[in-house]
Each structure stands twice: as structure tokens, then as C-alpha cells.
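Fold and geometry: a report
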Amino acid sequence: MSDPTSSSGSTAGSTEAGADGRADAVEPASAPRQPAPRDAAERAAAEEASAFSHAPVPPDATAAYGEHPDQVVDFYRPRPGADGPRPGPLVVLLHGGAWRAAYDRTHISPLAGLLADRGFAVASVEYRRGNGGTAAGRWPDTFDDVAAATDAVAALALTALGTDAVDVRRTVLTGHSAGGHLALWAAARHVLPAASRWHRPAAPALRGVVALAPIADFRSAVELHVCSGAVTELLGGAELLGERGAETDPAALLPTGIPATIVQGDCDEVVPPQVAEAFAAASATAGEEVQLTLLEGVGHFPVIDPAADAAAVVVEEIAQLAW
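Residues numbered from 1 in each chain as written. Predicted model: local features only at pLDDT ≥ 70, side-chain atom pairs only at ≥ 80, totals over all residues. Heavy atoms only, no water.

1. Looking at the overall build of the protein
- Scanning the protein from N- to C-terminus turns up 9 helices and 11 strands.
- Burial analysis of the protein (323 residues in total) assigns 54% to the buried set.
- Intrachain contacts of the protein at a sequence separation of at least 6 include 76% that bridge at least 24 residues. (Helix = DSSP H or I, 4+ residues; strand = E, 2+ residues; numbered from the N terminus. Buried < 20%, exposed > 50% of the residue type's maximum accessible area, 1.4 Å probe, protein only. Contact = heavy atoms within 4.5 Å.)

What follows is the structure in C-alpha cells.
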């Protein structure tokens, strides 16, 4: 399942939250790797093949948040740890796939299973995507669904899993690629204008957001032609980028007051690291630092691959916020 792009990423520094909550410069994080393939294309293909080699992990329960078949959430119960069963923090997971119909939540279910094995309750959200073919997203349906799902997910999780399994006071939003964009956007709805159809009257009750190689800055994503122009398709055309991007571009909705961490491979050619760096720069300009963790020698897919060391970094970043 490739998200094609014409650009490649480059290595950059990262930031990490210090004791005062601000971000301090650190060296790029290093995820231990298997022997590197002979070239970048071979490495990327091997990473993608590994990520999609896992069998889908069936959920413990599924609940609807609307009437459309795509308006559903899969729930995964946390597996008991060494100290026995206890309520797990709720991880709300939004899948990627360039907002295109061909890519649904099935491909990210192995990551949901990994998180459940690590003691988290997981809510994997489905949402309406492109209307068939290669179209990216539906306007405004994609955003309607994510807003509705994230508003309803705490109550749905308690019903589906029970208070013995899930602690909704410890909720973290996470998502990969286009899903990383949606996670950052969902956490920013309280800063939208009051007249916006997606405006929240108050900030969501979140411990934070962990965005995995997110399409977090629309300007840089358009310039880099990320996912074959998916941002422009999502918003309905180049002539609507300014108007609609003002309500849907996470980089335009800062500051939010919600802690945010980005985990990004420095060799990502699908969503190059320049996109995350642009979002981090916009956050700093707005007076709000984001933690940017760059994984050395890692591309787009290892962050959702349970067999990759990068996924262990993701689990740890979620745990840091949740606990």
C-alpha cells in the first residue's frame, strides 16, 4: 500500500520537552535497525512489506457513532500486565492512507493490537474517505466524522469495554500520516471560530497527541506534492486551499494548549520530515513548542509496524503522555 510522492526527506534535529514544559534541542533519536537494503527504494519497499505482512487483529468490540457504514470504532481491551488487570489509558487511533477510500482501519489493527498488549485500551476510528477511485477525502464528511467520533469515543469506550478496562481520564490521540493530521486537527477544534461547524466550546480532555509522520502542515505538504497532491484533493481544489485550509490545517490552528509529540522517520519519502519540521516551526512561532522525535534511518511505515523498533518508540511516547 504505497502513498506515492515525488519528494524525499532529510535528516534534521529534534526537540524534547524539558522540565518546564518547553522544548530543548536534542539529537535525533536512533531506532536500532536491521541491515540496510542497498538503496533508498529497496529500503522503503522492505519497510512497507514488513508493515503490511501482519494479519489483521480483530477488535474485542465495535460500536457505531453514526448511521453510515464507515462511522464505526473498533475497541481493543488492554491485556493484563504482570500486576494483573487494571483500567488502561484510552488511545484513540486514526489510520492513514491519504484520506483515500482504498485504505481503511484494517491495516493499522496490528498497531492497535500491540498497544493493547502494552496495557492500553484502544479505539480505532473509521471515517468516510474518498468517493472511490484515487480521490482523497470527502468534504466536509471526513471532518464531520472525525469530529463526531472523537466527541463520542469516551462514552462509547466505557460502554464497549467497561470501567474495569478503560480510564478515559487518560486519553491520548494518535494517528499515522493522514490520520496524524486528523489527530492534530481534532485536538485543535476549540480554537476554530465559533461559527465553524466543527468548533468545540472547550478544549478536549486529552493528555496529548502523538502524531506519526503526520501531514501536519498543508503549505509544505502541497509544495512537496505529498501523496500525489492529496491535500489539494481533500480540500476540493487549489482555489479552496486558503479558505478551507484555515479551518483544517493543524499549522494554522496554533497554539492549542494540548501537548503534542511527533514521531517521524528522517528517511520518510511519503511524508518527508520537512512537513513535521514546518509544523514545529509554526508551533514555536505561536509560542508553543512541539516535541519532534526524528528516528534515524527510518521511513514512513516502521512507526506502525509491530515488528519494527520504531513502533516501540511510539508506544513509549504514548505512555509518557498517558501516565
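Having seen the structure, we can now continue with the description.
2. Here we look at the environment of Ala310
- If you trace the backbone, Ala310 turns up in helix 9 (residues 309-322).
- Residue class for Ala310 comes out buried when judged on its relative accessible area of 3%.
- Ala310 sits 45 residues away from Gly265 along the chain, and the two C-alpha atoms are 8.5 Å apart.

3. Considerations on the environment of Gly208
- Mapped onto the secondary structure, Gly208 falls in strand 9 (residues 208-212).
- In this structure the C-alpha to C-alpha distance between Gly208 and Ala322, which are 114 residues apart in sequence, comes to 7.8 Å.
- If we ignore the near neighbours within four places in the chain, the residues touching Gly208 are Thr171, Val172, Leu173, Ile258, Pro259 and Leu321.

4. Describing the nonpolar core
- Counting residues in each nonpolar core, the largest one holds 64 residues, and the members touching the most others are Phe75, Trp99, Trp185 and Ile215.
- Counting residues per element, this core draws most heavily on helix 3 (residues 141-161), at 8 residues.
- Among all residues touching Ile215, those that are not within four sequence positions of it are Trp99, Ser177, Ala178, His181, Ala221, Val226, Cys227, Val231, Val271 and Val275.
- One finds Leu93, Leu212, Val298 and Phe301 within the second-largest nonpolar core, a separate group that totals 29 residues. (Core = buried A, V, L, I, M, F, W, Y, C linked by side-chain atoms within 4.5 Å.)

5. Section: the pattern of salt bridges
- Summed over all chains, the structure comprises 16 salt bridges.
- Between Asp141 and Arg128 there is a salt bridge, with its nearest N and O atoms 3.8 Å apart. Of the two residues, Asp141 is situated in helix 3 and Arg128 in the loop between strand 7 (121-125) and helix 3; the sequence distance between them amounts to 13 residues.
- By relative accessible area, Arg128 is classed as buried at 15%.
- The salt bridge partner of Asp167 is Arg170, with a shortest N-O separation of 3.4 Å. (Salt bridge = Lys/Arg side-chain N within 4 Å of Asp/Glu carboxyl O.)

6. What to know about the side chain of Glu317
- Mapped onto the elements of the fold, Glu317 is located in helix 9.
- If near-sequence neighbours (up to four positions away) are discounted, Glu317 is found in contact with Val210, Thr261, Val263, Gln291 and Thr293.

7. Observations regarding helix 9
- With 14 residues, helix 9 should cover 20 Å at 1.5 Å per step; its first-to-last C-alpha distance of 20 Å lies within 8% of that length.
- Where helix 9 is buried, its residues touch strand 6 (88-94), helix 2 (109-117), strand 8 (166-176), strand 9, strand 10 (260-265) and strand 11 (291-296). (Expected span 1.5 Å × (residues − 1).)

8. Regarding the pairing of strand 5 (residues 72-76)
- Among the 5 residues of strand 5, 5 are classified as buried, and the element is accordingly described as predominantly covered.
- Burial along strand 5 is two-sided: Val72, Asp74 and Tyr76 facing one way and Val73 and Phe75 facing the other are all buried.
- Bridge count for strand 4 (residues 61-64) against strand 5 is 4 bridges, and the pairing is antiparallel. Each residue of the ladder has a partner; that of Ala64, found in strand 5, is Val72.
- Relative to strand 7, strand 5 runs antiparallel, the two being bridged by 4 bridges. Note on strand 7: the bridge partner recorded for Val73 is Val125. (Pairing = 2+ DSSP bridges.)

9. Quick notes on the environment of Leu254
- By the secondary structure assignment, Leu254 is in the loop between helix 7 (241-248) and strand 10.
- Leaving out residues up to four positions away in the same chain, Leu254 has contacts with Phe279, Ala282, Ser283, Ala286 and Glu288.

10. Focus on the packing of aromatic side chains
- Under the definition given, this model contains 6 aromatic pairs.
- Ring geometry for Trp139 against Trp198: centres 5.5 Å apart, planes inclined by 90°, an arrangement best described as edge-to-face. Of this pair, Trp139 sits in the loop between strand 7 and helix 3 while Trp198 sits in the loop between helix 4 (178-186) and strand 9, and the two are 59 residues apart along the sequence.
- Ring centres of Phe143 and Trp185 lie 5.0 Å apart, and the angle between their planes is 70°; this geometry places the pair in the edge-to-face category. (Phe/Tyr/Trp six-rings, centres within 6.5 Å; stacked < 30°, edge-to-face > 60°.)

11. Thoughts on unusual backbone geometry
- With an omega of 0°, the peptide bond running from Trp139 to Pro140 counts as cis.
- Checked against the element boundaries, Pro140 lands in the loop between strand 7 and helix 3.
- Going from Leu254 to Pro255, the amide bond is cis rather than trans, its omega being 0°.
- Its identity is not glycine, yet Trp99 carries a phi of approximately 60°, on the positive side.
- Of the residues examined, Trp99 reaches a relative accessible area of 0% and is grouped as buried.
- Positive phi outside glycine occurs at Ser177, with the angle close to 60°.
- Within the secondary structure, Ser177 sits in the loop between strand 8 and helix 4.

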